[in-house]
Number of protein chains: 2
Amino acid sequence: MRDLTQLQELFIKAISEKNFGEEPKNLYEPFHYILNLGGKRLRPVLALLACESFGTKAEEAMDAAMGIELLHNFSLIHDDIMDNAPLRRGRQTVHEKWNLSVGILSGDAMLGASFRYISMVDDRIFRKVFDVFSRTVLEICEGQQWDMDFELRMDVTEAEYIRMIQYKTSVLLGASLEIGALIGGADEVGAEQSYQFGLNLGTSFQIKDDLLDAFGDPEKVGKQVGGDILSNKKTILLIHALRHATGEDRDELLAWLKEDHLPAEKVKAVMEIYQRVGSVRYAEERMESYYRKALNALDECSQHGANITELKNFAEYLYHRDH
Amino acid sequence: MRDLTQLQELFIKAISEKNFGEEPKNLYEPFHYILNLGGKRLRPVLALLACESFGTKAEEAMDAAMGIELLHNFSLIHDDIMDNAPLRRGRQTVHEKWNLSVGILSGDAMLGASFRYISMVDDRIFRKVFDVFSRTVLEICEGQQWDMDFELRMDVTEAEYIRMIQYKTSVLLGASLEIGALIGGADEVGAEQSYQFGLNLGTSFQIKDDLLDAFGDPEKVGKQVGGDILSNKKTILLIHALRHATGEDRDELLAWLKEDHLPAEKVKAVMEIYQRVGSVRYAEERMESYYRKALNALDECSQHGANITELKNFAEYLYHRDH
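What you see is a predicted model; the values in this text were computed from it and never measured.

The secondary structure content of chain A amounts to 16 helices and two strands. A globule of 323 residues ought to have a C-alpha radius of gyration of about 20 Å, and chain A, at 21 Å, matches this closely. Oriented by its inertia axes, the alpha-carbon framework of chain A measures out at about 60 × 50 × 35 Å. Of all 323 residues assigned to chain A, the portion counted as buried reaches 59%. Intrachain contacts of chain A at a sequence separation of at least 6 include 73% that bridge at least 24 residues.

And the structure:
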């Protein structure tokens, strides 16, 4: 089977040659624009990788991988509107380059088109693929709504936080892997455990993101650390600290949450509280726990006929990244 | 089989008892809000009617009918944002009552949910139902984009206009009927002709709308006539007149298009031009032609096992309405 880089190249070539539609121009030009902004294409490539891991040529999963990339980009276009984001990958977002209506409508069409592509699978697995995909669409919407809701709440629980990051990000990784596995010929357990691999790896990855934002090396992360702290974002670190800090730690933390004129001091002080309260250690443990769950799921896949070498390489690469 | 009113009551009862989801509240409350603003529920009821016309209890088509109503309401929420509309049926639109993000995201979720409901059909017809439905989703988006594009163009052709109104409105009537027919047990021709009945009846209905806006009785139409004329909307009347008016008629028409300080005079003068140039007669002929096509398709359905009495009643009711 081919490795991640080879399948990435395969997918990038396929998508760059794809014509998603011509007319009306204002509907389909945004497709080609956002789909050519680049990116690692992780989700579609995971689908191709899962397909090959079960012994089927990745080309068989190419249409479904397109559907997955379309779904992801639909959510980027609409999220950019909700976040009022002017730029994506250093280029104008769709609603900035065109306008609000074009952003909404081309996103809608992209969601519709994603269902068309995902349906280009064998009748034998169509119902199952459709169920995974359509459930994921709803979960992504729920995750985005929770994320927005959490900005206004101080009582977010860890369980709510985990569900939010899973719905917003990890379920689509899981779905990509399961759909690829189904096309690859996986049995029921193989498909389900492919999903669990993606779900848990994605969750581990999101927790790592929280840690890197606070404790990463700014030169490697490519941005100033502490952005989450400055915006009082309910990360797993803050949720843990709010629950477990006592006495002076607690008073100090609550005071810093109200402070927004001393950014450098705030980041430093809150990081120290996270260390003292044990929030950093706790987050690392959760990250490791989800990572182990992901690897266990991968072992199950292996016992159900998958060649897991490349997926394991990918998991290790994600786990050990420091940016 | 039951008639339109009975199936309307059946559907309204079913939808009022439906729980589409609880959490997150800001995602699912808009579902219940917009779905309870009322309306004739034409699309889902046509699906139920088509199902019974082929000899199957409408209850079998209830989930699919829900999916159709969800798709329709997704498009209402997003169109209201694009049109900047503050009110729908005299109540606040979703983006006005909540905010832009809730409007976008609950619409997205509604589109996702519509696919979930439409999929609750027998495996035997699932692929066919899915193909009709997903194609329709894309056509509705394309129709909406063309409608917006046409506002800025003076060279819209009749063919472009017909495609726009069909995509924006008629294809969902066709899809509702075809999906109902498929669930009802129609053969291939019966299903296809059910679609053609809806497509052509919807097209006839839209042309009638253009005529009523200019020439309807204001008391019956419930609003001042001439709104399309005042906004220079590219109706079939204006498109025909722009193509066929010559000499003084043409000069006069072009002058009125630039005039926006004399509303009553403009409406009266443009209506007279439409009469003189033959645009009214032409639009009436097109309306009748699409209506005949609809009835012919219905006859085909009848020859393929459908009891078309109620569908024919409905067509006649639409055709003879004067408001």
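Take the packing of helix α1 (residues 4–16) of chain A against helix α3 (residues 42–53) of chain A next. Residues and elements named next belong to chain A. Viewed as axis vectors pointing N to C, α1 and α3 meet at an angle of 120 degrees, and their least axial separation amounts to 9 Å. Relative to α3, the element α1 is oriented oblique. Handedness of the crossing formed by α1 with α3: right-handed. In contact with L4, L7, Q8 and F11 of α1, α3 contributes P44, V45, L48, L49 and E52. In terms of residue class, the contact of α1 with α3 is built from seven nonpolar, one polar and one charged.

Here we take up the interface of chain B and chain A. Contact with chain B, which involves 40 residues of that partner, is made by 40 residues of chain A. Together, the buried faces of chain B and chain A total about 3600 Å²; carbon and sulfur atoms form 67% of this surface. Contact with chain A buries surface across chain B, with B:L105, B:R116 and B:R127 losing the most and accounting together for 17% of the total. Scanning the region where chain B abuts chain A turns up two salt bridges. A:R127 serves as the salt-bridge partner of B:D123, at 2.8 Å between the closest nitrogen and oxygen. For the side of chain B that touches chain A, the secondary structure elements donating two or more residues are α2 (25–35), α4 (62–82), α6 (100–118) and α7 (123–150) of chain B. It is α7(B) that contributes the most residues to the side of chain B that touches chain A, 16 residues altogether. Looking at the side of chain B that touches chain A residue by residue, the classes come out as 22 nonpolar, eight polar and 10 charged.

Turning to unusual backbone geometry, a few remarks are in order. All names here are of chain A. Looking along the chain, the bond that leaves E23 and enters P24 is cis, with omega of -5 degrees. Within the fold, P24 resides in the loop between α1 and α2 (25–35). Phi is positive for R41, close to 60 degrees, though the residue is something other than glycine. Tracing the sequence through the fold places R41 in the loop between α2 and α3. Judged by its relative accessible area of 6%, R41 is buried.

Take the relation of the copies chain B and chain A next. Mapping chain B onto chain A calls for a screw motion: a turn of 180 degrees about the axis and a shift of 0.0 Å along it, with 0.1 Å RMSD after fitting. The symmetry that links the two subunits is that of a two-fold axis. Looking at the interface residues of chain B, 100% of them are also at the interface in chain A, so both copies use one shared face.

What follows deals with the packing of aromatic side chains. For any pair of aromatic rings, geometry is given as the distance between the ring centres together with the angle between the planes. Overall, the coordinates contain 25 aromatic pairs over all chains when judged by the stated rule. With 5.5 Å between their ring centres and 80 degrees between their planes, A:Y33 and A:W98 make a pair best called edge-to-face. Here A:W98 lies in the loop between α5 (94–97) and α6 (100–118) and A:Y33 lies in helix α2, a separation of 65 residues in the sequence. Classification of A:Y33 by relative accessible area gives buried; the value is 12%. Members of the aromatic cluster, each reached through a chain of ring pairs, are A:F115, A:F126, A:F130, A:F133, B:F115, B:F126, B:F130 and B:F133.

Tracing the sequence through the fold places B:L105 in helix α6. When sequence neighbours within four positions are dropped, the list of residues in contact with B:L105 reads A:M82, A:C141, A:Q144, A:Q145, A:M148 and B:L27.

Here we take up the environment of A:E188. Along the chain, A:E188 turns up in helix α9 (residues 188–215). When the C-alpha positions of A:E188 and A:V277 are compared, they lie 43 Å apart, and in sequence the two are 89 residues distant.

Under the defined criterion, the tally for this structure stands at zero disulfides over all chains. Cysteine A:C141 remains unbridged, with the sulfur of B:C141 as its closest cysteine sulfur at 14 Å.

Under the definition given, this model contains 42 salt bridges over all chains. Here B:D122 and B:R124 are joined by a salt bridge, their closest N and O atoms 3.7 Å apart. In this structure, B:E252 engages B:R276 in a salt bridge whose closest nitrogen and oxygen atoms are separated by 3.6 Å. Placement of the pair is B:E252 in helix α13 (residues 247–258) and B:R276 in helix α14 (residues 263–277), with a sequence separation of 24 residues. Using a relative accessible area of 30% as the deciding quantity, one classes B:E252 as partly exposed. Several salt bridges converge on common partners, so that one network encompasses A:R281, A:E284, A:E285 and A:E288.

Another point: α6(A). Residues and elements named next belong to chain A. For α6, with 19 residues, the first-to-last C-alpha span of 27 Å sits near the 27 Å given by 1.5 Å per residue. Of all 19 residues in α6, 17 are buried, a share of seventy percent or more. In this structure N99 caps α6, since a side-chain oxygen of it lies 3.0 Å from the backbone nitrogen of S101.

All right, on to the side chain of A:T93 then. All names here are of chain A. Residue position: T93 is located in the loop between β2 (91–92) and α5. The exposure class assigned to T93 is buried, which follows from its relative accessible area of 1%. What T93 contacts, discounting residues up to four positions off in sequence, is D80, A85, P86, L87 and R88.

Here we take up the nonpolar core. Residues A:F31, A:F197, A:I207, B:F31, B:F197 and B:I207 are the most contacted members of the largest nonpolar core, which totals 237 residues. In this view, A:I207 contacts A:I162, A:I165, A:I236, A:A283, A:R286, A:M287 and A:Y290; residues no more than four positions away in its chain are not counted.

Quick look at the packing of helix α12 (residues 236–244) of chain B against helix α15 (residues 279–303) of chain B now. A pair of packed helices is characterised by two quantities: the angle between their axes and the separation of those axes. Residue and element names in this part refer to chain B. Here α12 crosses α15 at 130 degrees, and the two axes come no closer than 9 Å. Relative to α15, the element α12 lies oblique. Remark: the crossing between α12 and α15 carries right-handed chirality. Residues I236, L237, H240 and A241 of α12 touch α15, and the partners they reach there are S279, V280, Y282, A283 and R286. For the contact of α12 with α15, a count of residues per class yields six nonpolar, two polar and one charged.

Scoring rules and cut-offs
- Residues numbered from 1 in each chain as written.
- Chains lettered and ligands numbered in written order.
- Predicted model: local features only at pLDDT ≥ 70, side-chain atom pairs only at ≥ 80, totals over all residues.
- Heavy atoms only, no water.
- Helix = DSSP H or I, 4+ residues; strand = E, 2+ residues; numbered from the N terminus.
- Rg over C-alpha atoms; globule rule 2.2 N^0.38 Å.
- Buried < 20%, exposed > 50% of the residue type's maximum accessible area, 1.4 Å probe, protein only.
- Contact = heavy atoms within 4.5 Å.
- Axes fitted to C-alpha atoms, helices over the stretch in contact; angles between N-to-C directions.
- Parallel < 35°, antiparallel > 145°, perpendicular 65-115°, else oblique.
- Left-handed = near helix turned anticlockwise from the far one by under 90°.
- Nonpolar A, V, L, I, M, F, W, Y, C, P; charged D, E, K, R; others polar.
- Buried area = accessible area lost by both parts, 1.4 Å probe.
- Salt bridge = Lys/Arg side-chain N within 4 Å of Asp/Glu carboxyl O.
- Least-squares fit on C-alpha atoms with pLDDT ≥ 70 in both.
- Phe/Tyr/Trp six-rings, centres within 6.5 Å; stacked < 30°, edge-to-face > 60°.
- Disulfide = S-S within 2.5 Å.
- Expected span 1.5 Å × (residues − 1).
- Polar contact = N/O pair within 3.5 Å; in protein donor to acceptor, adjacent residues only side chain to side chain.
- Core = buried A, V, L, I, M, F, W, Y, C linked by side-chain atoms within 4.5 Å.

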